[in-house]
Amino acid sequence: MTKTVIQRPFQKNDNAFLNMAKKRKGGKMNKVLDVYKDLCTGCRMCEMACSLEKTGTFEPFRGGILVLKDDFKEEISPVVCRQCKKAPCIEACPVEGEKPLTRDEETGAVVFNEDACIRCYECVRACPFGAIWVDPEDEALKKCDLCGGEPECVNWCATGAISFVEPRDIASRRAQAMEDRKRRAMTELDYGTIHIKY
């Protein structure tokens, strides 16, 4: 008697599906920075760590991450390159031949080659997230390059607002952060604290 094995199609959350996707990409999935602004306190340690890593100095505007504060809306928003798979910054660049913005095969990051740049700033205009800016001192472009696969900003973020994760883990990380936030809010209510902010 022969057994008939019926295989169901891959589901997106199957390990076999994810392993197959990894093999297609050369053995590993590229991680991305996930910024959860509700956890950001605006301490700007990420900016300091990045600028120290990139320039050897504490000049936040010269790093690859910016923390924007909107006092009117009382919002804090860390801005960092999303390393888009279809990067509009790369597509917008008019340079022929050696491109100033290319994809690093190892990390998946969009990296900047200053020597090839003609300073037209089309990439700055094309980025929908405002994650490429111009250094005020030397007019060079600044953006996150994931520090070669080990982002310093993640190491220095005390609240966990910035993490380096595989894209499939972003949703579960957000859900966990929301649960933690609710738990903290309930604890603050129990102790009569009034400074809860939603």
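Residues numbered from 1 in each chain as written. Predicted model: local features only at pLDDT ≥ 70, side-chain atom pairs only at ≥ 80, totals over all residues. Heavy atoms only, no water.

### Some remarks on the pairing of strand β3 (residues 75–80)
Residues in a regular strand project their side chains so that they alternate between the two faces of the sheet. Here is the rule: A pair of strands is labelled paired if DSSP reports no fewer than 2 bridges between them. Strands here are runs of E lasting at least two residues and helices are runs of H or I lasting at least four, both read from the DSSP assignment and numbered beginning at the N terminus.
Examined bridge by bridge, strand β2 (residues 65–70) and β3 share 6 bridges and lie antiparallel to one another. Bridge pairing in β3 places Lys69 opposite Ile76.

### Structural notes on the pattern of salt bridges
Condition: Salt bridges, as used here, are contacts in which a Lys or Arg side-chain nitrogen is within 4 Å of a carboxyl oxygen on Asp or Glu. We call a residue buried when its accessible area falls under 20% of the maximum for its residue type, exposed when it is over 50%, and partly exposed in between, using a 1.4 Å probe and counting protein chains only.
Throughout the structure, instances matching the rule amount to 12 salt bridges. For Glu59, the salt bridge goes to Arg62, with nearest N and O atoms at 3.7 Å. The class of Glu59 is partly exposed, set by a relative accessible area of 26%. Arg62 gets classed as buried once you look at its relative accessible area, which sits at 17%. Asp135 is paired through a salt bridge with Lys142; the nearest N and O atoms lie 3.7 Å apart. Each member of the pair Asp135 and Lys142 is classed as buried.

### Quick notes on the environment of Trp156
Just so we agree on the cut-off: By the convention used here, residues are in contact when the closest approach between their heavy atoms is within 4.5 Å.
Along the chain, Trp156 turns up in helix α5 (residues 152–156). On a C-alpha basis, the gap between Trp156 and Arg44 in space is 9.6 Å, while along the polypeptide they are 112 residues apart. Once residues within four sequence positions are removed from consideration, Trp156 is found in contact with Met45 and Ala49.

### Here's the deal with the environment of Glu105
Summarising the element assignment, Glu105 is placed in the loop between β4 (101–103) and β5 (110–112). Judged by its relative accessible area of 72%, Glu105 falls in the exposed class. As a C-alpha pair, Glu105 and Asn30 span 75 residues in sequence and 9.3 Å in three-dimensional space.

### Looking at the nonpolar core
Test applied: By nonpolar core is meant a set of buried Ala, Val, Leu, Ile, Met, Phe, Trp, Tyr and Cys residues that side-chain atoms within 4.5 Å join together.
Core analysis: the biggest nonpolar cluster contains 32 residues, and Leu33, Cys89 and Ile162 have the highest contact counts within it. Excluding its chain neighbours within four sequence positions, the residues that come into contact with Ile162 are Leu33, Asp34, Val35, Cys46, Ile65, Cys153, Val154, Cys157 and Arg173.

### A few points about unusual backbone geometry
With a phi angle near 55 degrees, Gln83 is a residue other than glycine that sits in the positive phi range. Among the structural elements, Gln83 can be located in the loop between β3 and α3 (88–92). A positive phi is found at Glu139, a non-glycine position, where the angle reads about 60 degrees. Mapped onto the elements of the fold, Glu139 is located in the loop between β6 (133–134) and β7 (141–142). Given a relative accessible area of 48%, Glu139 falls into the partly exposed group.

### Quick word on helix α2 (residues 45–55)
When α2 is considered as a whole, its buried residues turn out to be Cys46, Glu47, Ala49, Cys50 and Ser51. The positive-phi residue at the C-terminal boundary of α2 is Gly56, with phi of around 80 degrees.

These values are about where atoms sit, not about what they do.
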